[in-house]
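Remarks on the overall topology
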Amino acid sequence: MPSTLIAMLIQDLRYGLRRIKRQPAFTALVAVTLAVGVGANAAMFGLVDVLMFRTPRHVAAPEAIVRVEGAGSYVRYEDLRDRLRSAELAAYTRRSVGFGAGVEAMPLRIECVTPTYFRVLGMTPQYGRTFAEADASLDADRTVVVSHDLWRRRFNADLNAVGTRVRIADKSYDVIGVAPAGFTGVEFGDVDAWILLEASPEACSPFARNLLRSDTRWLTTIGRLRDGVPLSQAQAELASLALASPVAPAASGRSNDRDRLTPMYASRRVSLSRDGRLALWLMGGAAVLLLMACVNVAGLLWTQTLNRARETAVRLQVGASRVRVFAHLLVEHLIAAAIGGVAAVAVAAVLGRAVHRYFPYAEGVELMTLRSLVVVGLLAFLAGLASGIVPVVHASRTGAERFFRTGDSLAAMRSRWRATLLSLQIALALVLAVAAGLFVASVRKFHQDFSYDLEHVIAASIDLRTSNTRTPLEVQGLFETLLRRVQQMPQVQSAALSSAPVLESGGWSRIFGVSRTITGRQVTMHKLVEVTPEYFSTLGLSLSGGPGFDGQAAAASEDTIVLEDIVARQLFPSESPLGQCVFVSRRCLKVAGVVPTSRASLKPGSQTSQVFVPFRASSDIETTAQVLLIRTRRPAASQLRAVSGVLQGAAPDLPYVNIRTLEELADVQARSWLLGSTVFGIFGTLAMLLGAIGIYGALASTIRQRTAEIGLRLALGAARGDIARMIVRHAALAVLSGLVAGLGASFAGARYIQALLFNVPAVHATTYAAAPMVVLFAALLACVVPVRRAMCVDPAIALRRE
């Protein structure tokens, strides 16, 4: 019996392959349609897998890794490291620094770690060794462990790379080890190298060589539970230590400042975070697209099986069993689905590029793994089965005598099924179009809310604070030299210096309390930025009253300040702030102007307001320049190479200079909305294409069935416009009912997507007006070719053929 079944299956496979060869266009259409839906789901599954299920590579027993919430300073880490017995602790922070110098310089993503970091994670290097306690001494030679990827790119996978010296953050380091391929520590995203926090405080600490400040959070402390120690026991010990600790956690007014342990790989699963919810919505959008693909293929198969009703009836009449007919048709369809599964891998790779570009957690992470390939195969099989089962079952149940007695007796059922499937496709396409429109509106609103001129400004970030070869005054002098050089460029309108990053482009910012009284009552915290006088005009910020830092008023005294309007309203709610005194660190500064709030941070739920003071000579490394801002006469993107050449020519030994337009830096913050608009835009476009294919196929089939009727109508004097209206009317009801259903579904799901948007209501009038028009336009385009074909029917030929 089993051998008989295998022989029958082989026979069906051979017949199915021959049938596919005879209808390559239909097979290709089915395969591509399924590939679109399956590939989209595979790519989104890879993203959700990374966020929620995949543990990091080369980390031993990741379930024993815990995160110490509240231990955000090095002082607090040291205190817990020495006293906590239930776990071995380590700490780290991530930074981006320069690697090399001059034209060969490049950005390097590093983790500054403590000597116990690799031991806590249980990572074994591929070559060389990891850090020892002796390496943490300031007197020892600086050491670095490089990533496997950097070893391949920069050292050409040379085994002699261990022991060589490299330049990182303007200092020399000895390469002591190479990490295994795929190791990125405990977080998402690529890491190029690891250096010791204690040995390189100037490159790692936001306080310029000072690790001992305990009033802010900048470190992440992790630990590995010791063998046999449950999490509850370690938590209890930590709580008892916190009560007697001489070092308190950094206070920020939040309830989670107290020390507690959380499982690292439960906390890293960001299913409830904004990014995690976005990933789940994208997965839902991919599921909608797959459903639409299945509906489309079901419609195509329904038409094909009914067109082959005569063949099926003959096979039944000559003795074939219904089971054999069913098996043959199903195997034939599953072969096409298998071809679609292979093509889905390419679709998933294309979508994966969009995910890698905009989703920070997917950076450097392979989305198409063996597990993803298994999902592709399973989805292709299930999609093929789901889309083909109803048409195939119905075809195998068609009675031969019924067909031969009535001819195409299934026309009425065919029409009802086709209308239902078309309505469902249009509704699903509209849901995806609305989602894409909402994310596009979020991106536009995001850019509109900036006070900066994003299009014409370049930010050149050169973090020389990590260098111990230049004094603070030398760093400031170098920046001023670079400023003069770029000001002489013909395409530069103005340029300025800033002591803080713009649009959170990296680097460090100083936060100070600002108040109206010297006692500091009703103090508010703001970012204090030292700038040159041209700063505001370079960024396109207009001063509302006051001289700013220009003219004699600023030249006569350094004791001036410019406030953002949000700060001015807080300090002076009912009077003009101009000329008033505000206190920063007990120092009276006269308000010399007010500028619009620059929205330096547009992260949901946060806003970093700023106050500005003029640059002054100082021996404090924290007050030196970090960013050179250049306003260009042409779009900034076209001037990046020219600016880079001038900076490199002015100082050939510079470390890596991060030169980007403000628009690029803004897009870094807008990555989630850009990802949503990109992926949902792709999904919506594909959905409309699938809907158009469904409409085209349905109308083309209708015209073939009604060719004789159309010929008769034309012969009896019907105008060709009447024929066109008759054909369009056939699809109009299905399209309109689909639009109504799609709008209803979009309204119903609006409140669930609201948290993912930026200052845009989920029921956005423009989006809900434009999306149905776009879908309707696509549907009308799909009608053009069938309608033209119907209008060109020759009555004589049609009647003679019938």
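Residues numbered from 1 in each chain as written. Predicted model: local features only at pLDDT ≥ 70, side-chain atom pairs only at ≥ 80, totals over all residues. Heavy atoms only, no water.

**Details of the overall build of the protein chain**
Operational definition: Going along the chain from the N terminus, every DSSP run of H or I of four or more residues is numbered as a helix, and every run of E of two or more is numbered as a strand. Three labels apply to residues, based on accessible area from a 1.4 Å probe with only protein chains included: buried if under 20% of the type maximum, exposed if over 50%, partly exposed otherwise in between. Note on contacts: a residue pair is in contact if any heavy atoms of the two residues lie within 4.5 Å. To be clear on the numbers: accessible area is Shrake-Rupley with a 1.4 Å probe, and residue cover counts the displayed protein chains and nothing else.
Each helix and strand in the protein chain was counted, giving 25 helices and 20 strands. Counting every position in the protein chain, which comprises 802 residues, the buried fraction comes to 53%. Relative to all contacts within the protein chain whose residues are 6 or more apart in sequence, the contacts with residues 24 or more apart total 81%. Taken as a whole, the protein chain presents about 34,700 Å² of accessible surface, with 59% of it coming from carbon and sulfur.

**A short note on the confidence of the model for the protein chain**
Any segment with low pLDDT has predicted coordinates that should not be analysed in fine detail. Heads up, the condition is: The pLDDT score gives, residue by residue, the confidence of the prediction method on a 0 to 100 scale.
Of all residues in the protein chain, 77% attain a pLDDT of 70 or more, and the chain-wide mean is 77. Note on residues 250–256: pLDDT under 50 across the span, and eleven contacts to partners over four residues away in sequence or across chains. Low pLDDT (under 50) marks residues 403–413, which in the prediction has 15 contacts with non-local residues, meaning those over four places away or in another chain.

**Topic: the state of the cysteines**
By definition, a disulfide links the sulfur atoms of two cysteine residues through a covalent bond. What counts is decided by this rule: Throughout, a disulfide means two cysteine sulfur atoms within 2.5 Å of one another.
By the definition in use, this model includes two disulfides. The disulfide bridge from C112 ends at C204, spanning 2.0 Å between sulfur atoms. Taking the torsion about the S-S bond as the criterion, the C112 to C204 disulfide, at about -80 degrees, is left-handed. Of this pair, C112 sits in strand β3 (residues 106–113) while C204 is found in helix α6 (residues 201–204), placing the two residues 92 residues apart along the sequence.

**Some details on the packing of aromatic side chains**
To keep things clear, this is the line we draw: In this scheme Phe, Tyr and Trp rings, the latter by its six-membered ring, pair at centre separations within 6.5 Å, and the angle between planes marks the pair as stacked below 30 degrees, edge-to-face above 60, and tilted otherwise.
By the definition in use, this model includes 18 aromatic pairs. Grouped by ring-pair contacts, the aromatic residues Y92, Y117, F118, F131, F183 and W194 constitute a single cluster.

**Section: the packing of helix α22 (residues 707–715) against helix α23 (residues 720–753)**
Definition in use: Angles shown run from 0 to 180 degrees and are taken between the N-to-C directions of axes, each axis being a line fitted to C-alpha atoms and, for helices, limited to the stretch in contact. For classification purposes, an angle smaller than 35 degrees is called roughly parallel, one larger than 145 roughly antiparallel, one from 65 to 115 roughly perpendicular, and anything else oblique. With the far helix as reference, a near helix turned anticlockwise by less than a right angle produces a left-handed crossing, and one turned clockwise produces a right-handed crossing.
Contact geometry for α22 and α23: axes closest at 10 Å, N-to-C directions at 150 degrees. Relative to α23, the element α22 lies roughly antiparallel. The handedness of the crossing between α22 and α23 comes out as right-handed. Of the residues in α23, those touching α22 at E709, I710, R713 and L714 are R720, I723, M726 and I727.

**Section: the nonpolar core**
Generally speaking, soluble globular proteins have nonpolar side chains that are buried together. Here is the rule we go by: We define the nonpolar core as a collection of buried residues of types Ala, Val, Leu, Ile, Met, Phe, Trp, Tyr and Cys that are connected through side-chain atoms lying within 4.5 Å of one another.
One finds Y452, L662 and F683 to be the most contacted residues of the largest nonpolar core, which totals 118 residues. With 15 residues, helix α2 (residues 24–52) is the single largest residue contributor to this core. Not counting residues up to four positions away in its chain, the partners in contact with F683 are A40, M44, L282, G285, A286, L289, L351 and L432. Counting 42 residues, the second-largest nonpolar core is a separate cluster that includes V68, L150, C204 and W218.

**Here's the deal with the packing of helix α15 (residues 472–487) against helix α19 (residues 640–650)**
So the rule is basically this: Amino acid classes used here: Ala, Val, Leu, Ile, Met, Phe, Trp, Tyr, Cys and Pro are nonpolar; Asp, Glu, Lys and Arg are charged; the rest, including Gly, are polar.
Packing of α15 against α19 leaves a shortest axis separation of 10 Å and a crossing angle of 135 degrees. On the basis of their axis angle, the class for α15 and α19 is oblique. Crossing handedness for the pair α15 and α19: right-handed. Mapping the contact onto sequence places L482, R485 and V486 in α15 and V646, L647, G649 and A650 in α19. Of the residues assigned to the contact of α15 with α19, the class counts are five nonpolar, one polar and one charged.

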